[in-house]
Amino acid sequence: MKSIKPGRGPSMQGFIGSIATILFGIFWTFMTFSITKESPIAGTQIFPFFGLIVIGIGIFQAVYHYKNATGKERMSIVDIVDENEEKDPLNARFAHHEEEKFCPYCGTNVQTDFRFCPSCGKAL
């Protein structure tokens, strides 16, 4: 049976994408502030604050992806290993006793003697 092996690739890509989001938010904030600062229309000064929201979301995502890329219990769906190399995290998290296990592809509860998942049909 295959299980998910910890990896860094997608999380580091997410971290780099978050940095790009933060830089875009900074650019947006300064550009919209310089465009709308002398606008006679009331309420146009709110546009720079959208950049602050984007910066906040980018910081949150950067912290999340960095923690996932460097943490001990990180998760990646890219690397697959055998059950004897690493336990299936779905079984470790959701199984209440040894006779219960889950399909690593779709998460369906399956019996331990099943060779194929009854939901998605993939080999266990």
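Rules used in this analysis
Residues numbered from 1 in each chain as written. Predicted model: local features only at pLDDT ≥ 70, side-chain atom pairs only at ≥ 80, totals over all residues. Heavy atoms only, no water. Helix = DSSP H or I, 4+ residues; strand = E, 2+ residues; numbered from the N terminus. Buried < 20%, exposed > 50% of the residue type's maximum accessible area, 1.4 Å probe, protein only. Contact = heavy atoms within 4.5 Å. Areas by Shrake-Rupley, 256 points an atom, 1.4 Å probe, with all protein chains shown as cover. UniProt positions renumbered as here; feature names shortened; annotations may be inferred. Phe/Tyr/Trp six-rings, centres within 6.5 Å; stacked < 30°, edge-to-face > 60°.

Student: So what about the overall build of the chain? Which residues, and what values?
Tutor: A count of helices and strands for the chain gives three helices and four strands. Listed N to C, the secondary structure of the chain is β-α-α-β-α-β-β in terms of helices and strands. Relative to its 124 residues, the chain shows a buried fraction of 27%. Within the chain, contacts between residues at least 6 apart in sequence are counted, and of these 50% link residues at least 24 apart. Approximately 8900 Å² of the chain is accessible, and the part contributed by carbon and sulfur atoms is 65%.

Student: Which residues make up the environment of A20, and what values do they have?
Tutor: Summarising the element assignment, A20 is placed in helix 1 (residues 9-36). Sequence separation between A20 and G58 is 38 residues; the distance between their C-alpha atoms is 8.1 Å.

Student: How would you sum up the UniProt feature "transmembrane region" (unreviewed entry) in the chain? Please name residues and give values.
Tutor: Look at the UniProt record and you will see "transmembrane region" (unreviewed entry) annotated at residues 12-34 and 46-66. Along residues 12-34, the helical share is 100% and the strand share 0%, with 33 Å between the first and last C-alpha atoms. Measuring from the first to the last C-alpha atom of residues 46-66 gives 31 Å, for a span that is 95% helix and 0% strand.

Student: Now, about the packing of aromatic side chains: what can you tell me, with residues and values included?
Tutor: A full pass over the atoms with the stated rule returns three aromatic pairs. For the pair F15 and Y66, a centre-to-centre distance of 5.6 Å together with 50° between the ring planes defines the contact as tilted. Pair noted here: F15 is in helix 1 and Y66 is in helix 2 (residues 47-70), with a separation of 51 residues, a long-range link. A residue is classified by how much of its surface remains accessible, and F15, at 21% relative accessible area, is partly exposed. Y66 sits in the partly exposed class, given a relative accessible area of 45%. Between F47 and F50, the aromatic rings sit 6.1 Å apart at their centres with planes inclined by 50°, giving tilted as the arrangement. Placement of both F47 and F50 in helix 2 is noted, with a separation of three residues, approximately one turn of the helix.

Student: Summarise the side chain of T36; cite the residues concerned and give the values.
Tutor: Checked against the element boundaries, T36 lands in helix 1. Overall, the relative accessible area of 11% leaves T36 in the buried class. The residues touching T36, leaving out its near neighbours within four places in the chain, are T44, Q45, F47 and P48.

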